[in-house]
Structures are given as C-alpha cells and as structure tokens.
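Below are the chains, spelled out letter by letter.
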Amino acid sequence: MAFKRDQVATLVNRLTEPPKYLQTVIGPRQTGKTTIVRQALRHLESIGHGTRYVSADDSGDAGFPVASGGAELAGAHPGARDAVWLEAVWREAREAAEQSGGLVLAIDEIQRVPDWSRTIKGLWDADRTTNCPLNAILLGSAPLLVQSGLNESLAGRFEQITVSHWSLQEMVNAFEFDLESYLFFGGYPGAAAFIRNEDRWRSYVLDALVQPNIERDILAMTRVDKPALLKRVFEVGSSQSGQVLSYTKMLGALEDAGNTTTLARYLDLLSSAGLVRGLARFAGPRFRTRGSIPKLNVLNTALMTATSGYRFEEASADRTFWGRLVESAVGAHLCNTATQGIEVRYWRESPHEVDFVLQRGPRTVAVEVKGGLRARGLRGLAEFRQRYKPDRTIVVGADGVPLNEFLALPAAAWLERS
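Since this is a predicted model, take the numbers as computed values, not measurements.

Below, the discussion takes up helix α7 (residues 168-175). For α7, every residue scored as buried is listed here: L168, E170 and M171. Down the axis of α7, the buried side of the element spans an arc of 165°, and every buried residue falls inside it. Looking at the residues trailing α7, positive phi occurs at E176, about 60°.

Below, the discussion takes up the layout of surface pockets. A volume near 460 Å³ is recorded for the second largest pocket. R29, Q30, T34, D108 and E109 are, among the 19 residues lining the second largest pocket, the residues nearest its centre. Of all the secondary structure elements, the ones that give two or more residues to the lining of the second largest pocket are α2 (33-46) and β2 (50-55). Looking at which element gives the most residues to the lining of the second largest pocket, the answer is α2, with four residues. For the lining of the second largest pocket, the class distribution of residues is two nonpolar, ten polar and seven charged.

Before going further, it helps to spend a moment on unusual backbone geometry. Cis geometry marks the peptide bond from S350 to P351; its omega dihedral reads 10°. Of note, P351 is situated in the loop between β8 (343-349) and β9 (352-360). The phi angle at E176 is positive, at roughly 60°, despite the residue not being glycine. Here E176 is to be found in the loop between α7 and α8 (179-185). Residue classification places E176 among the exposed positions, given a relative accessible area of 73%. Look at K389: it is not a glycine, yet its phi comes out positive at around 50°. With respect to the helices and strands, the residue K389 is situated in the loop between α16 (379-388) and β11 (392-396).

Each value, and the rule that gives it
Residues numbered from 1 in each chain as written. Predicted model: local features only at pLDDT ≥ 70, side-chain atom pairs only at ≥ 80, totals over all residues. Heavy atoms only, no water. Buried < 20%, exposed > 50% of the residue type's maximum accessible area, 1.4 Å probe, protein only. Helix = DSSP H or I, 4+ residues; strand = E, 2+ residues; numbered from the N terminus. Arc of directions from axis to C-beta. 1 Å grid on protein atoms, 1.4 Å probe; cavity = no way out; pocket = protein on both sides within 12 Å on 5 of 7 lines; lining within 4 Å. Points joined across faces, edges and corners; volume = space filled by probe spheres on them. Nonpolar A, V, L, I, M, F, W, Y, C, P; charged D, E, K, R; others polar.

Encoded structure:
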C-alpha cells in the first residue's frame, strides 16, 4: 500500500463537506503536494465522488485523468494556460458538478496562470450565489506567489493545507530510513531511491530540486535584480547552516553583493521556497528583532550535505560537521513544523548562546542541541534561564531528549509540554 501523509485524510474530510471554502495546498517543490491531492482524489473516487485534475504547467501534460471523464476535460483546452483557459476548465467542471450533484476540481501549478486569483474569485463567488456543488483545490510550487494571490483576492474564501519537508518518521515509514540516513540524505522523497549511489543522489538534489526551485519558482516568478547573487546566497546559506553570520560578513563572502537589504530579501525568498532560512535573534519576550544578525539554517539537511561535497562516511567521521548537521536537522524540524503563531529564533549575548528559542504568545522554550564538539556546554542555557525565565529548557541529545524522540514531535508539542 502506498504511503500517505496526514494531509491526505485532512483533504478528504474537507472535500466531503458541502463547498464552503476553497482548499489550498501549499509547500516547497518536491514535498509531495501533487501526490497528496491525487491520493485524496482517488479515495474520493472510490467512495463515489466525481473528480477532475488539471495542471497549469504547460511544460507537462495538459491534465491527469484521475476520474472517468478526466481525460475529456484535460484535453478540451490545449494551448496557453491563461485566464480564458482557467474559466473554460472551471465552467466544464461546474456543469459536471451540477449534473452529478457534486464534483471536486483540482488545479495544479495555479501560480502559472496570469491573474489567477481574481479569476478564481469571480468564479468561486458566482458558484456561492447559485450554491453550485463544486469543491475546488488549488496547489502550486511557489508558496510565496500562491500565498500572495490568496491574500490579495481570496481573503476569507480559502482554507490552507501546508505541506512541509518530510519528517524523520515519514521517511522511516515510507523508505525505511534510519536516523543517520535521514540526517545526511534529508527528507526529499524523490531522492530516496538514489541514496545507494551518492553521486546520482547529489546530482538529483542539485539539478532536479535546487535548480528548478530557484530558476522556476523564484527567478521566473519574482523580480530579482541579481540572479547570480541569489544563487550565491543559497550556496552560502547551505554551506554555513547552523552558523550565525552577519550580513556584513556575508557581503564580504559574496561578489557583487549589493547591500544588506538585498541579502535579507533574498534570504526571505529562499525561505519561502523551502530552501534556507535566516533565523532572527531573540531579544526578550516583548520585542521583535528586525534586521538582526541571522542564524542560517537549511530547511532540509539534504541541501547542506549535497552542497558540501562530503560523502556519508566522511561527514559522519567529521564530528564538527556532523554536529552542525544535527543542529541544522533540529532547526529545520522546528521551522517546518511550526504552526501559525509560533516563532523560531536563536539567542546570543556574547559569550553565551542558545541554539533555538521557540515562542508563542507569552510561552517561551529554549532548545540546546548537543551533537559533535560543543565547547560551550550548557552555560548559555543556564544564562538564558536566569535572564528570561522560560517556561521550559530542553537539551537534545547527550543525556537530554534523544534526537529521534525530539524529531518525532512538532514544535507545538514542545511548547505545550511541562
């Protein structure tokens, strides 16, 4: 039986209800969004619901015939994927829904349709006026652009299902990874088949995942004045994951670097694409720190190892590198599982430092990762506890919470536990 992520059940439950909200599935490239939608549609088909699936990516097939009749819808409108195409697809699905008493329409790569959000708004609002029994799913591989379109035109009309990078437990269940394999090879399901051939695995990650992520999901969709700089920021962010690196130092490491505002924006773009995040410094429970020195963290450890040049045996033998890899895995897990309202930061007041600080409202949890060579011990955690009185402090590894247990629970769980 094919592995199913939890989002499949969530989507099925929502789509068996009368249409009230658009369902949106958003997340980085190659995290399984399309698979989740197709699995949900197939389940709906098995219990008698009609479904249709189309893709706005004109580089691939016009559509995927999930249900009987899907091929007719998919092939009916060849050519440019524009507002006219979108309206035609929707009208056909609407007619089918009215005739059959209900239908689910899934539109993939929605961000590739110019002015898609305003077009969808008009179609959806018209259907609500007539109580048309058409449910709709929108998904795309450029989270920032999809989210922007939703917020601009579709506020109050959608529910969002976020699809993040795969967790340790998901990779264990689906591909029989162990902890060390997960740390090195990361959580890309499409790359799992290549881990026995590390050269092929590395090429897949860099050529089939990273390059399209930057070229198609950022540069082709967002104004970037210095594309070469954006790529270099990604390289620095991946190689320096786990490090606190000022924008000034980053400028010194980059050619044609522009200014710190440009670097900060590019880090935000890389974060929105699920690649690298710059964590802000924690400066107390009542303060937000904007423009602070960022702590770089990959959002999937495959990005750190694939760009490092290390083979698995070399990485595991280098305790300093492996320690940064463990810390990056914890940071990625916290960022990927942090729900709305949870902020992930770090704390540093020389000579003291805490790896991660979770904050939601008045609750604060400090997390210190012990993996590899750690000269500072737990002095930073003790200093943080004395200054800020957090609700909880957690040591991951080294006589604390075992790493595999920490990675088994989302960020919210550690905020709730006493």
